[in-house]
Amino acid sequence: MTLLDIRDLKVAIGSVQALAGVDLTVARGEVVGLVGESGGGKSMIARSVVGLLPDGARATGQVLFEDRDVLTMDAATLAAHRGAGAAICFQNPRGALSPTRVIGRQLTDRLVTHQGMDASQARSAAVGLFESVGIRSAARRFGSYPHELSGGQAQRVMISLATGCAPGLLIADEPTTGLDVTLTREILLRFREAADEEGRGVLLISHDLASIARICDRLVVLNAGAIVEHGPTTAILTTPAAPYTRTLLAAVPTLPSPHPAESGESAGSADPARPAGAGVSAESGDPAQPAGSAVSGDEVVRVEDAHVVYGSRFGAGGHHALRGVSLTVRAGETVGVVGESGSGKSTLARLMLGMITPSRGAVTLAGREPSRLRGRALRALRRRAQLVFQDPIGSLSPRRTVADAVAEPLRAAGVKAPERARRVAAVLERMGLDGTYAERRPHELSGGQAQRVGIARALAGEPDLIVFDEPTSALDVTVQAQILKVIGEVTAERGRGSVFISHDLATVRGFCDRVVVLYLGRIVEEGPVEEVFARPRHPYTMALLAAVPSLDGEEETGRVRLTKDPEEAAAGGGCALAPRCPFAEDACRTEEQELRTLGRARVACRRAGALPDLEGPER
Amino acid sequence: MRIARFTARRLLQAVPVLLGVVVVTFVLVRVLPGDPIRTILGPNATEADAAAARARYGLDQPMWQQFVDYLGGLFTGDLGVSIQSGQSVMGEMAVRLGPTLELVVIAVTIATVLATVLGIWSARRAGRAGDHTLRVLALVGNSLPEFWLGLVLILVVYSGLGWVPAPSGRVDPDTNLSLITGADLLDAVLTGNGPAFASAAGHLVLPVATMVVVIVAPLMRSVRASALEVLGSEAYRAAAAHGLPERTLLRGYLARAALVRLPALAALVFGFAIGSTVLVEYVFSWQGFGQWALRGLLFRDYPVVQASVVVIALCYTLIFLIADVVHAVLDPRVRI
Ligand SMILES: Nc1ncnc2c1ncn2[C@@H]1O[C@H](COP(=O)(O)OP(=O)(O)OP(=O)(O)O)[C@@H](O)[C@H]1O
Ligand code: SF4
Ligand SMILES: [Mg+2]
């Protein structure tokens, strides 16, 4: 008996045929990958398995779970099936976590319900589960609310919630969006373990074939609501039959060769210094890089020794998210910000945008300090800086048309209606969206189009600073390339400073002038992109660069690897990386590390420049 | 502690607002037509009598001088002397405020609890008969005039059924309740006076019921709307899709999320309820603050009008402060 057996599933919403006859099986102990572009109906399949189709959807066919049809289950059976039978790890974890309940309780609710634990057992099991998905200081995080998590942390909490249900079938819908390479690998291994050791069936949904391929037994390729190909992973990777699968494979950016068939084998030897996206972004970056440009422009934002403490709710204390960060962005310059999940990248973005005030230090935006302004002056200053979000559709209000959304900053700036309409049309045009898009609503846009709208909205007010916070991580690989190209053009403009936040080092390398590496709220290394990438001097940067995804999943050897540290280092007292650093010495644990100049870069490591294996991955 | 700091800051911010209220009422009662001296002296008084009376209440002084005197009094807790009764305004108000606040607080509390329970109940049955019935009933209650509803309740529950004491006064005088705060139920508790407690509670039933019926509808509508929003949210659906039992869903994922908008509205309703006590007090011979303030206004009793407006403004400030704190407790995303 197969665990899940979907037969000829058709789902129509209104007049749109979302799924056009899908057959799919998942057995216990098996990991099945469901790949395809967003909007292809992947999530619809996932939702049909737990009887959670959107209102107004009509489904025909059969969704057999242990030989019972989910589509015709009565309420009580369905209730028992949900969670215990099949549990989804939802896409968009921020939306799927309940905002008014601490994450620990959300997890213990699952544990108590489905694993029959009592309260205290559940509590300690929850802390363990959080640790196993890589959440550091798990016991302290138990009492966090979802909005207090970084994007990647929320993602991992969602994974722990789904696994906490101990379901027969675990469905993970884009579980690794927004996670860096190292974490992605660890999370995927957890899914493999769930199948191998716990005997669950796992249905892994992703637009990113490369990242999930290595742990899947079988792959199912979905395009426009229909399955175009399915079979064992190796077969599909080496001899894809459908043209669509070939485009998907060709879009995988790790491959140096344009021929997918060969690249399957050759990926392991890919040049590690030019990892994911390098080819793509270098191309799009070309027009963006008039050589040696731009560093002489006016200062658009200056952050001086800024500390950010997210205060606890009512008492004293809180989470120290930035610990003394200094950074200047000039007009015409693009600064990349990299660092692992939770390192404070988005916090730095919010700080530069004047959305939060530093608890110490100062932020100067366009020559004025947002923390000293109030009311109208503050709002006017905030409009000088714009943010492009990670989640393009979620950041647009569902009730507003595209034109409305783009006009919003202009309306706030008091621009008159005719002028507004003209500028909206112009900026949409620039993003390659013709007039027909103006009256659409977000759900009528694809991810890529929505992100273009997001960029258009940011551009409309002609800000001095645009911050891109992981603008492509929720997008399909094919679309990513196009959006990066658009971003490359936008950041090339002289009058404006740009900040590009990403956990994907390759894209940063593609079109940033400078890069800052964040670790636990501190800058550990900064400098010109070529310098930092070619000669990383800080062990943390080296470790980031060492992690490269590849189709065949061969483990890298010989490069810098950080050890795990379940607790986040407390403030003060020595190098923050010391508990994880392979080069740590006793002195590292006592001396606070300051940035010092080494070559063209600045590094906060006392041993930098004199490490045993000095050479970066690029020899 | 942060709440203490927040409270202190809000109270400080309220000072200029309250001062503004004082100035405006002070000027308004004096420029609006009507003369308190004429009304207390009666038709046969001579000009000289009137002038003497005016001097007695300091009304012959220039307006700025009166204001300075009044303000000085405010800071020492002296609200002046009532022109109608010649009694200290402070003393009169102290006996009047307790009973009314007791009435309003109990009514708003019951209405809020009722609105929460019914609103969520209704949202979970949205579109079904129970939901429709409840909403229609709430709407009907909302549109009934207080005095009419009060009279009907008296007719049915007191005259007809005889379940409650007569609608005159707030507590049976035979119980010898000693006055502490003026809020009879509270005083009965404080003095451990059992019979007085029973009598005060009995007297409270009908006026409270009247007010609850009138104010529960907007609160319930708000809870229902919020609950519907939560029920349709991705977060709630995700929790339901993980098979959590109804009870856990209701308590952990629905109730708190649905209540985040209630405190602000409840504060508004509280303000409205203070206003509507005038009629309720009249119907139930409550001898409360509303009646007192109304009479002050009718007789142009300057000190009484000023004092009552300031007290109402102060109540508003406090109640919105409380609402904001409760909101911050309910909604973790709100910082105070
Ligand atoms: N509102 C908040 N309240 C409390 N803590 C917060 C809040 N927002 C973020 N944090 C914490 O601050 C740290 C930095 O968060 P931030 O969102 O800046 O990380 P990030 O580098 O953007 O990570 P990711 O790549 O996962 O998005 C995290 O540990 C996070 O839990
Ligand atoms: S200072 Fe020491 S512990 Fe810190 S990064 Fe350098 S070598 Fe590692
Ligand atoms: Mg982030």
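Residues numbered from 1 in each chain as written. Chains lettered and ligands numbered in written order. Predicted model: local features only at pLDDT ≥ 70, side-chain atom pairs only at ≥ 80, totals over all residues. Heavy atoms only, no water.

**Side note on the site of ligand 1**
Residues and elements named next belong to chain A. The full set close to ligand 1 counts 20 residues, and Ser 150, Gly 152, Ser 341, Ser 346 and Thr 347 are the nearest of them. In this structure, an oxygen atom belonging to ligand 1 sits 3.3 Å away from a main-chain N or O atom of Ser 343. Its free accessible area being 640 Å², ligand 1 has 94% of it covered by the protein chains. Broken down by secondary-structure element, the contributors of at least two residues to the shell around ligand 1 are helix 7 (151-164), strand 12 (318-330) and helix 14 (345-352). In terms of residues, the shell around ligand 1 owes the most to one element, helix 14, which gives four residues. Partitioning the shell around ligand 1 into residue classes produces three nonpolar, twelve polar and five charged. Each of two domains, domain 1 (4-251) and domain 2 (282-363 + 464-619), supplies a minimum of three residues to the shell around ligand 1. (Near = heavy atom within 4 Å. Polar contact = N/O pair within 3.5 Å; in protein donor to acceptor, adjacent residues only side chain to side chain. Areas by Shrake-Rupley, 256 points an atom, 1.4 Å probe, with all protein chains shown as cover. Helix = DSSP H or I, 4+ residues; strand = E, 2+ residues; numbered from the N terminus. Nonpolar A, V, L, I, M, F, W, Y, C, P; charged D, E, K, R; others polar. Domains from an automatic or database assignment.)

**A few points about the UniProt feature "domain: ABC transmembrane type-1" (unreviewed entry) in chain B**
Per the UniProt entry, the sites bearing "domain: ABC transmembrane type-1" (unreviewed entry) are residues 97-323 of chain B in this numbering. In the segment residues 97-323 of chain B, helix accounts for 79% and strand for 0%; the C-alpha atoms at its two ends are 21 Å apart. (UniProt positions renumbered as here; feature names shortened; annotations may be inferred.)

**Comments concerning the sheet that holds strand 10 (residues 226-232) of chain A**
Residue and element names in this part refer to chain A. Judged by pairing direction, the sheet is mixed, and its six strands sit side by side in the order 6-7-8-3-9-10 without closing on themselves. On the outer flanks of this sheet lie strand 6 (86-89) and strand 10, each paired with one strand and no other. Across the sheet, the axes of successive neighbouring strands diverge by a mean angle of 15°, strand direction being ignored. For strand 6 and strand 7 (residues 169-173), the ladder comprises four bridges, and the chain directions are parallel. Each residue of the ladder has a partner; that of Ala 87, found in strand 7, is Leu 170. Those strands touched by helix 8 (residues 181-196) are strand 3 (31-35), strand 7 and strand 8 (201-206), and its axis lies near 155° from that of strand 8. (Pairing = 2+ DSSP bridges. Axes fitted to C-alpha atoms, helices over the stretch in contact; angles between N-to-C directions. Contact = heavy atoms within 4.5 Å.)

**Digging into the packing of helix 5 (residues 89-124) of chain B against helix 9 (residues 194-231) of chain B**
Helix-helix packing is characterised by the crossing angle of the two axes and by the distance between the axes. Residue and element names in this part refer to chain B. Here helix 5 crosses helix 9 at 35°, and the two axes come no closer than 5 Å. Every pair of crossing elements has a handedness; the one defined by helix 5 and helix 9 is right-handed. Tallied by class, residues from the contact of helix 5 with helix 9 come to 25 nonpolar, four polar and three charged. (Left-handed = near helix turned anticlockwise from the far one by under 90°.)

**With respect to the interface of chain B and chain A**
If you look at the interface, chain B gives 28 residues, while chain A gives 35 residues. Buried surface at the junction of chain B and chain A, summed over both partners, amounts to about 2600 Å²; 54% is from carbon and sulfur atoms. On the chain B side of the interface with chain A, the three residues burying the most area are B:His242, B:Tyr253 and B:Pro332, jointly 26% of the side's total. Inspection of the region where chain B meets chain A yields two salt bridges. Its salt-bridge partner being A:Arg47, residue B:Glu234 comes within 2.7 Å of it at the nearest N-O pair. At the level of elements, helix 1 (2-31), helix 10 (234-241), helix 11 (246-259) and helix 14 (302-330) of chain B are the ones that each hand at least two residues to the side of chain B that touches chain A. Of the residues forming the side of chain B that touches chain A, the biggest block, seven residues, is contributed by helix 10 of chain B. Along the lines of polarity and charge, the residues of the side of chain B that touches chain A split into 17 nonpolar, four polar and seven charged. (Buried area = accessible area lost by both parts, 1.4 Å probe. Salt bridge = Lys/Arg side-chain N within 4 Å of Asp/Glu carboxyl O.)

**Re the site of ligand 2**
In the vicinity of ligand 2 lie 13 residues, with A:Cys575, A:Ala578, A:Cys581, A:Cys588 and A:Cys605 positioned nearest. Considering only residue class, the shell around ligand 2 consists of nine nonpolar, two polar and two charged.

**Re a nonpolar patch on the surface**
Residue and element names in this part refer to chain B. Judged by side-chain polarity, Val 23, Val 24, Val 27, Leu 28, Val 31, Leu 32 and Met 63 come together as a nonpolar surface patch covering roughly 550 Å² of accessible area. For the nonpolar patch, the element with the highest residue contribution is helix 1, accounting for five residues. Turning to its location among the elements, Val 31 is positioned in helix 1. (Patch = residues over 30% accessible without salt bridge, like charges linked within 9 Å, V, L, I, M, F, W, Y side chains within 5 Å.)

**Section: the pairing of strand 15 (residues 385-388) of chain A**
Residues and elements named next belong to chain A. Neither face of strand 15 is left uncovered, since the one carrying Ala 385 and Leu 387 and the one carrying Gln 386 and Val 388 both have all their residues buried. Pairing geometry for strand 15 and strand 16 (residues 465-469), over four bridges, is parallel. Residue Leu 387 lies in a different strand from strand 16, and its bridge partner there is Val 467. (Buried < 20%, exposed > 50% of the residue type's maximum accessible area, 1.4 Å probe, protein only.)

**Here's the deal with the UniProt feature "transmembrane region" (unreviewed entry) in chain B**
Residue and element names in this part refer to chain B. UniProt tags residues 12-32, 103-123, 144-164, 196-219, 259-284 and 304-330 as "transmembrane region" (unreviewed entry). With 100% helix and 0% strand, residues 103-123 has end C-alpha atoms that lie 29 Å from one another. Taken as a whole, residues 259-284 contains 88% helix and 0% strand, while its terminal C-alpha atoms sit 33 Å from one another.

**Concerning the UniProt feature "domain: ABC transporter" (unreviewed entry) in chain A**
Listed under "domain: ABC transporter" (unreviewed entry) in the UniProt record, and renumbered for this structure, are residues 4-249 and 301-545 of chain A. Annotated as residues 301-545 of chain A, this span is 37% helix and 25% strand, and its ends, taken at the C-alpha atoms, are 28 Å apart.

**Observations regarding the nonpolar core**
Most often, soluble globular proteins keep nonpolar side chains buried together rather than apart. Ranked by internal contacts, the top residues of the largest apolar core, which has 83 residues, are A:Leu169, A:Phe191 and A:Leu204. Once residues within four sequence positions are removed from consideration, A:Leu169 is found in contact with A:Leu3, A:Leu4, A:Val26, A:Val49, A:Phe65, A:Gly85, A:Ala86, A:Ala87, A:Gly201, A:Val202 and A:Leu203. Counting residues in each nonpolar core, the second largest holds 69 residues, with B:Val164, B:Ala257, B:Ala266 and B:Ala267 among its members. (Core = buried A, V, L, I, M, F, W, Y, C linked by side-chain atoms within 4.5 Å.)

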